[in-house]
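# Structural description and commentary
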Amino acid sequence: MGSLFRSEEVCLAQLFLQSASAYSCISELGERGLLEFRDLNPKVSPFQRRFVGEVRRCEEMEKTFTFLQQELRAAGRLPAPCPESPRAPAAREALRVQEQSEQLAQELREVSRSRSSLRDRLRDLRQHLHVLREGQRFTSLPVGPGVPAGLGREPILDPSLHHHLDRKINFVAGVIHPWRVTAFERLLWRACRGYLVASFVEMPEPMEDPATGESITWVIFLISYWGEQIGQKIRKISNCFHCQVYGYPESEASRTEAITRLHGQIQELSTLEETEKYLAEVLDKVAQVLPTWRVQVQKMKAIYLVLNQCSFDVTKKCLIAEVWCPVRDLTQVQDALRQGSVSGSCFVQRVPTTESPPTLIRTNKFTAGFQSIVDAYGVASYQEVNPAPYAIITFPFIFAIMFGDVGHGLLMFLFALWMVLYEDSPRLRQGTNEIWLTFFEGRYLILLMGAFSIYTGFIYNECFSKATAIFPSAWSVATMANHSSWSSAYLATHPSLTLDPNVTGVFQGPYPFGIDPIWSLATNHLNFLNSFKMKMSVVLGIVHMGFGVMLGVFNHVHFQQRHRLVLEFLPEMIFLLALFGYLVFLIFYKWIKFSAADSRVAPSILIHFIDMFLFTSNAENLPLYPGQVPVQMVLVVLALASVPVLLLGTPLYQWCRQRAPRTVRPRAHDFAEIFMHQAIHTIEYCLGCVSNTASYLRLWALSLAHAQLSEVLWSMVMRNGFVGLSYVGGVVLVPVFAAFAVLTVAILLVMEGLSAFLHALRLHWVEFQNKFYVGAGYKLCPFAFAPDTWE
Amino acid sequence: MAYGGLAVPIIVMSVFWGVVGGVLPWLVPKGPNRGVINTMLVTCAVCCYLFWLIAILAQLNPLFGPQLSNETIWYLRYHWP
């Protein structure tokens, strides 16, 4: 079966690398991702390692790359992911990358700086221009009859009209943030009232705020005042409010001259356009090379970190690396070393070890999901039997027993089918929502769960809680009615009646596939279903656990511990089968042998089972078959006899082996440890058999809960939509169905699905796996270059 | 459909799951996944067959019958065969 059955053979190996070709060899090995490197310098701090200088250089380059990426992002460009994966650069190329990146960063800094200063200057000029232009409104003479009515007042501020006055009118003009206008005005009035006239007007176009970068409609103000002190006060106040003040010439002519001059200066700033173009070019260049450089430098850093873990043999001028290598890949490793080294002088050598190697189980996209749920409990110990290939089917099956409903299973199946068919679409793969990613990773798991739920739904005969009569029902009401003469009058006085299977023709045989549809119409359906589901849970549980014990055989054989077959596997099996295998037999026997004719005196299996353990008998409980009591006594004695064998067998065997002169004697307390371990195992197994069998009854409990929930949802939500059989009723049906659908998905699919998933997982992890699985290993993490992720 | 008792369903289902679990594994093409696919087929056949078997054996000899409301009896008496 390959490595899914048990983990692959992994060996410890040593790589001998010439220092000249060490870098390229590790680069080759990293591309292939085969080996896990062990740290041969654990006591050396990171700052004292051999290649710390190179690592530092890589980190500096990464800092430059981060700056470049920030600049790209600020300009609104998204860096594209690297299309193909470039190899780690050689030393010369790395130097070139470093120089180029630093040069680009320098260029970018300079261009950005000059661009921002040009922009500031342009903004300044434009603000000045607007101030002058808007100020004209208050200080210029009316042009003609076409003057807009909005200007209202007479231009009383025109100095030419008041030139005969002694006082000279001065102006302060500037720009202020719109939110500060009212406060500014108020303060001006309080400070210098009566001696100034202030007017405010909004700028015709919004401009960028240098501090925050957002576009704001500034307010231009023009203050005309008399007196020098007032002027100083006004300037101080404008300073406090962070206003930009511009000179406002008094005469009309000088104002027009200033305006023309500003226009000229703005034209000169056409270099801004060229600067922007140059900046765009630089950014283009950066965007082109940055992805490749990033990947290259990441790989280089990873290689140097690995080289730091090797031990440097000064005398022989070569590096020694210790690796965990899968035996199957040794030839590939040799190949890689030959490719990477200049003269073919690097080689790999296998080294014997007593340490436990890491576990490697190769999976494909289908088996990865199932392996991960097994690994979540514990990674398999080295080369022990892996429960995953069986869990591929038993896990969805046990889920489906608790979830069985055709409609819900179909919905789940279709959802998973959509995910599977579109699994290569980048939109699905690159989702960032964690919950969505969890569902997506488990799409094959959900697919199988849905498929099995459809099957168990057919067997339970439930489709959105309704039974379907694919085959005609085996119970004939007509025969019963004719036999007991149920007239209409009789029926009217008796609200509920029971069909009697003793009457010939009422019960015609078992329903060929699943549960008979009449049970869903019966008021006592739970009596029948509970008995059926409880017995089903117990039978399936004992079969599952027996299978788990049998998987232990593979471990005993593989680890050359055949004595455990006789001393552990056999007593375990006898204990399980003598007690619980017999229970399964009783269940099947009663189903086959006892019918409605002896329904009054049908024996209770539960009481028989209890009496079996207590060695008593109940006179009212008839035996199932002749000779039942002696058979049961023999079975109980057999089971009890297997307990001391299980408890003492393996420790005594190991003690006897060590007493033989050819092997080294262990210390006394080793034997005590072995004995203690075996005692714990025995108690755990025997008590576990009983409690785990009862634990499987959760299959019954959850399937009952699911059936009841879906029945409640149907009868209390959906049925109300069918009450009105008119057009109005048809319209009412739409929101009722919407509510039904939402509740079905939320409660029955999501909540019940998660619940059944959890319980199925628990049954696998605890009840199934504690019969054979140790799970104390660690995974092989090969050195490979991680795919680049862009934040 | 005449009720053939237990015989017909048992034969049909046993043959079906027997083919799935016993014959199909031989027809799976050789490849790295052959072992996994065979395990899946056998496990699936055993699980599904056992589940169906339990369902049909539980109804083979019912000890009691369904209790129906009078409205259900009125309906079923004439509408079900």
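Conventions used here
Residues numbered from 1 in each chain as written. Chains lettered and ligands numbered in written order. Predicted model: local features only at pLDDT ≥ 70, side-chain atom pairs only at ≥ 80, totals over all residues. Heavy atoms only, no water. Helix = DSSP H or I, 4+ residues; strand = E, 2+ residues; numbered from the N terminus. Buried < 20%, exposed > 50% of the residue type's maximum accessible area, 1.4 Å probe, protein only. Contact = heavy atoms within 4.5 Å. Areas by Shrake-Rupley, 256 points an atom, 1.4 Å probe, with all protein chains shown as cover. Lys, Arg positive; Asp, Glu negative; His and termini not counted. Charge placed at Lys NZ, Arg CZ, Asp CG, Glu CD. UniProt positions renumbered as here; feature names shortened; annotations may be inferred. Salt bridge = Lys/Arg side-chain N within 4 Å of Asp/Glu carboxyl O. Axes fitted to C-alpha atoms, helices over the stretch in contact; angles between N-to-C directions. Parallel < 35°, antiparallel > 145°, perpendicular 65-115°, else oblique. Left-handed = near helix turned anticlockwise from the far one by under 90°. Buried area = accessible area lost by both parts, 1.4 Å probe. Polar contact = N/O pair within 3.5 Å; in protein donor to acceptor, adjacent residues only side chain to side chain. Nonpolar A, V, L, I, M, F, W, Y, C, P; charged D, E, K, R; others polar. Pairing = 2+ DSSP bridges. Expected span 1.5 Å × (residues − 1). Phe/Tyr/Trp six-rings, centres within 6.5 Å; stacked < 30°, edge-to-face > 60°. Lys NZ or Arg CZ within 6 Å of the ring centre and 35° of its normal.

### Considerations on the overall build of chain A
Scanning chain A from N- to C-terminus turns up 23 helices and 12 strands. Here chain A holds 791 residues, and 46% of them are scored as buried. The contacts in chain A between residues at least 6 apart in sequence include a share of 81% that link residues at least 24 apart. For chain A, the computed accessible surface area is about 41300 Å², with 61% contributed by carbon and sulfur atoms. Put simply, chain A has 68 plus and 67 minus side-chain charges, and the middle of one group is 4 Å from the middle of the other.

### Section: the UniProt feature "transmembrane region" (unreviewed entry) in chain A
Residues and elements named next belong to chain A. In the numbering used here, UniProt assigns the feature "transmembrane region" (unreviewed entry) to residues 397–421, 538–557, 569–589, 631–653 and 725–751. For residues 538–557, the end-to-end C-alpha separation is 30 Å, with 100% helix and 0% strand making up the annotated structure. End-to-end, the C-alpha atoms of residues 631–653 are 32 Å apart, and along that stretch the chain is 100% helix and 0% strand.

### A word on the UniProt feature "coiled-coil region" (unreviewed entry) in chain A
Annotation from UniProt places "coiled-coil region" (unreviewed entry) at residues 94–128 of chain A. In this annotation, residues 94–128 of chain A is assigned 100% helix and 0% strand; the end-to-end C-alpha distance for the span is 51 Å.

### Digging into the pattern of salt bridges
Residues and elements named next belong to chain A. Tallied over the full model, the rule gives 20 salt bridges over all chains. We note a salt bridge from glutamate 62 to lysine 301, for which the minimum N-O separation is 3.5 Å. Note that glutamate 62 is positioned in helix H2 (residues 52–74) and lysine 301 in helix H7 (residues 271–309), a separation of 239 residues in sequence. Glutamate 62 sits in the partly exposed class, given a relative accessible area of 23%. Of the residues examined, lysine 301 reaches a relative accessible area of 19% and is grouped as buried. A salt bridge links aspartate 120 to arginine 123; the shortest N-O distance between them is 3.2 Å. Residue aspartate 120 and its partner arginine 123 are located together in helix H3 (residues 91–139), separated by 3 residues, close to a single helical turn. Its relative accessible area of 41% is what places aspartate 120 among the partly exposed residues. Judged by relative accessible area, which is 16%, arginine 123 ranks as buried. Linked through salt bridges whose partners overlap, the residues forming this network are Glu8, Arg328, Asp329 and Arg362.

### With respect to the packing of helix H14 (residues 443–460) of chain A against helix H2 (residues 34–58) of chain B
Closest axis-to-axis distance for the H14 of chain A/H2 of chain B pair is 10 Å, and the angle between their directions is 15°. In terms of orientation, H14 of chain A lies roughly parallel with respect to H2 of chain B. Once H14 of chain A is placed against H2 of chain B, the crossing between them reads as right-handed. Note on element contacts: H2 of chain B touches H14 of chain A through Cys44, Cys48, Phe51, Trp52 and Ala55 of chain B, opposite Phe452, Tyr455, Thr456, Ile459 and Tyr460 of chain A.

### Structural notes on the UniProt feature "transmembrane region" (unreviewed entry) in chain B
Residues and elements named next belong to chain B. UniProt's entry tags residues 6–28 and 40–60 with the feature "transmembrane region" (unreviewed entry), counted in the numbering of this structure. Measuring from the first to the last C-alpha atom of residues 6–28 gives 32 Å, for a span that is 91% helix and 0% strand. Segment residues 40–60 splits into 90% helix and 0% strand. End C-alpha atoms: 30 Å apart.

### Observations concerning the interface of chain A and chain B
Taken residue by residue, the interface counts 71 residues in chain A and 44 residues in chain B. Buried area between chain A and chain B, both sides added, is near 5400 Å², and the carbon and sulfur share of it is 73%. For the pair chain A and chain B, the interface holds 0 salt bridges. If you look at where chain A meets chain B, you find 16 residue pairs in polar contact (both at pLDDT 80 or more). At the level of secondary structure, the elements contributing two or more residues to the side of chain A that touches chain B comprise helix H10 (388–403), H14, helix H15 (477–483), helix H16 (488–493), strand E12 (496–498), helix H17 (525–558) and helix H18 (563–593) of chain A. In terms of residue class, the side of chain A that touches chain B is built from 50 nonpolar, 18 polar and 3 charged. In this structure, E12 of chain A lies alongside strand E1 (residues 67–69) of chain B, joined through 3 bridges in antiparallel fashion. Considered in E1 of chain B, the bridge of serine 496 of chain A is made with serine 69 of chain B.

### Description of the side chain of glutamine 296 of chain A
Residue and element names in this part refer to chain A. Structurally, glutamine 296 can be placed in helix H7. The exposure class assigned to glutamine 296 is buried, which follows from its relative accessible area of 8%. Side-chain polar atoms of glutamine 296 contact the side chain of glutamate 93, separated by 3.4 Å. Among residues more than four places away in sequence, those in contact with glutamine 296 are Pro86, Arg87, Ala88, Pro89, Glu93 and Val97.

### Let's talk about H2 of chain A
Residue and element names in this part refer to chain A. Over its 23 residues, H2 extends 33 Å from the first C-alpha to the last, a length consistent with the 33 Å expected when each residue adds 1.5 Å. Within the span of H2, buried status applies to Val55, Cys58, Met61, Thr64, Phe65, Phe67, Leu68, Gln69 and Leu72. For H2, the secondary structure elements touched by its buried residues are H3 and H7. Among the residues trailing H2, glycine 76 stands out with phi positive, at a value near 85°.

### Thoughts on unusual backbone geometry
If a residue is not glycine, its phi is most likely negative; likewise, a peptide bond is most likely trans. Residue and element names in this part refer to chain A. Even without glycine at this site, asparagine 461 takes up a positive phi of about 60°. Its location among the elements puts asparagine 461 in the loop between H14 and H15. By relative accessible area, asparagine 461 is classed as buried at 6%. One non-glycine residue, phenylalanine 464, adopts positive backbone phi at about 50°. Here phenylalanine 464 is to be found in the loop between H14 and H15.

### Quick look at the packing of aromatic side chains
Under the criterion given, the structure shown has 50 aromatic pairs over all chains. Look at tyrosine 390 of chain A and phenylalanine 547 of chain A: their rings are 5.2 Å apart centre to centre, the planes differ by 85°, and that puts the pair in the edge-to-face class. Of this pair, tyrosine 390 of chain A sits in helix H10 while phenylalanine 547 of chain A sits in helix H17, and the two are 157 residues apart along the sequence. Residue classification places phenylalanine 547 of chain A among the partly exposed residues on the basis of a relative accessible area of 27%. Ring-pair connections join several aromatic residues into one group, and the members of that group are Trp475, Phe507, Trp519, Phe528 and Phe532 of chain A together with Phe64 of chain B. Sitting above the plane of the phenylalanine 51 of chain A ring, arginine 50 of chain A keeps its charged end 5.3 Å from the centroid. Directly above the ring of tyrosine 460 of chain A sits lysine 533 of chain A, whose terminal nitrogen or CZ lies 4.6 Å from the centroid.

### Side note on helix H4 (residues 181–192) of chain A
Residue and element names in this part refer to chain A. When the terminal C-alpha atoms of H4 are compared, their 16 Å separation across 12 residues agrees well with the 16 Å that a helix rising 1.5 Å per residue should span. Buried positions along H4 lie against strand E3 (169–176), strand E4 (196–202), strand E7 (219–226) and helix H5 (228–240). Positive phi appears at glycine 194, one or two residues downstream of H4, with a value of about 85°.

### Topic: the packing of H17 of chain A against helix H23 (residues 727–768) of chain A
All names here are of chain A. The N-to-C vectors of H17 and H23 enclose an angle of 50°; their axes lie 10 Å apart at closest approach. By the angle between their directions, the pair H17 and H23 is classed as oblique. The crossing of H17 and H23 is right-handed. Only His764, Glu767 and Phe768 of H23 make contact with H17, whose side of the interface consists of His544, Met545, Phe547, Gly548 and Leu551. Of the residues contributing to the contact of H17 with H23, the split by class is 4 nonpolar, 3 polar and 1 charged.

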